[in-house]
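Structural characterization, general
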Amino acid sequence: MAPAIEVRDLVKRYRKGTVNAVDGVSFDVEQGQFFALLGPNGAGKTTTISILTTTLGLTSGTVKIAGHDVVREASAVRREVGIIFQNPSLDMNLSGEENIRFHAVLYRLYPYRPVYRLMPAGYRHQVRDLADVVGLGAEVFKPVRRLSGGMRRKLEIIRGLMHHPRVLFLDEPTSGLDTASRRNLWQYIRDLRKQRDITICLTTHQLVEAEDADRVCIIDRGRVVAIGAPHEVKVELVQETLHIDAADRAALRRRLVALQLPFNEDGHFVVRLNGRTAYEVVQSVEQPLTMLRTESATLEDAYLRLLAGEDA
């Protein structure tokens, strides 16, 4: 089966002679995977997503979504994808539900009716269910102008999910949402993946949201600087540490030196495991310990370490 997303040597240059905004990016995303695209502001994330969703042209390279080329088969690509943009894209002159209805009719999901109550029952149930999922409720029927920024964000999420896309692009999807709404949205997305084998492509500054991704790709200055499963990226960039101490600190120090384990002292010994397990190290120490604690890296730790290295 072809990848849901296939990117090869993607380049985007806005003006001749300038630095490439996207510079030779390549990656695959298999059907049903949760893929996170990470990087600092200006790294090229949004440019990449814009090309993948046909809203921006590429300079060179190839991109296929669900087997369709984004240049030659742009219309087919648009039928396969759902997009929740980082920037607002609602019609302020309509109500929330009218924005959703317009989207549903454009995608030929339902026949157009001029009044909500005349729309098919399937449409009305879908709107109400999604409004409840994201915590918008009856506010979905209010004019967009009267909705808060967070409510407008929820409305865009509903619109992006209406046509059950095979590939869902989420560009900072929880920006402006409160904690409860954020939790409900991610639970809905997890259920959606299981039920429909949908592929998720996420960009986010909330790195905790990427911890559950199948694969992450970190880009900086338009280039891929790390790619792999979150645990692989973390192991490669930030080592697990063991925090230990003993009544006889001098003896413990000598033992760590003999084991050739790098460590530093900060009121106790902070030991970098260098691929060994904490159990192996503790067994090798062979003396009573007064302190024992392990500390695992987060994806955010790895991300910050990588970008710090890039800037060095």
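The paragraphs below set out a description of the structure included in this document. (Residues numbered from 1 in each chain as written. Predicted model: local features only at pLDDT ≥ 70, side-chain atom pairs only at ≥ 80, totals over all residues. Heavy atoms only, no water.)

Strand pairs in the sheet, formed through backbone hydrogen bonds, run parallel or antiparallel to each other. Spatially, the 4 strands line up as an open sheet ordered β12-β13-β11-β14, and their pairing is antiparallel. Sheet topology places β12 (263-265) and β14 (291-295) at the edges, where each strand pairs with a single neighbour. Direction aside, neighbouring strands of the sheet carry axes that sit 20 degrees apart on average. In this sheet, β14 lies alongside strand β11 (residues 241-245) in antiparallel orientation, the contact comprising 5 bridges. From the neighbouring strand, His243 faces β14, where its bridge partner is Arg293. (Pairing = 2+ DSSP bridges. Helix = DSSP H or I, 4+ residues; strand = E, 2+ residues; numbered from the N terminus. Axes fitted to C-alpha atoms, helices over the stretch in contact; angles between N-to-C directions.)

Our focus in this paragraph is the packing of helix α3 (residues 96-106) against helix α5 (residues 149-161). Packed helices, taken two at a time, are described by the angle between their axes plus the distance between the axes. Close contact between α3 and α5 brings their axes to 9 Å; oriented N to C, the two are set at 25 degrees. Relative to α5, the element α3 lies roughly parallel. Helix-helix and strand crossings are classified by hand; for α3 and α5 the assignment is right-handed. For the pair formed by α3 and α5, the contact residues are Gly96, Asn99, Ile100 and His103 on the first element and Leu155, Ile158 and Arg159 on the second. (Parallel < 35°, antiparallel > 145°, perpendicular 65-115°, else oblique. Left-handed = near helix turned anticlockwise from the far one by under 90°. Contact = heavy atoms within 4.5 Å.)

Let us now look at the packing of aromatic side chains. Taken as a whole and assessed by the stated rule, the structure comprises 6 aromatic pairs. An angle of 65 degrees between the planes, with centres 5.6 Å apart, marks the rings of Phe263 and Phe269 as edge-to-face. Every member of this aromatic cluster is reached through a ring pair, and the members are Tyr110, Tyr116, Tyr123 and Phe141. (Phe/Tyr/Trp six-rings, centres within 6.5 Å; stacked < 30°, edge-to-face > 60°.)

Right, let's get into the environment of Ala131. Following the sequence through the fold, Ala131 ends up in helix α4 (residues 121-133). Through-space distance from the C-alpha of Ala131 to that of Ile158 is 6.8 Å; in sequence the pair is 27 residues apart. In this structure Ala131 touches Leu136, Gly137, Val140 and Ile158, once residues within four positions along its chain are discounted.

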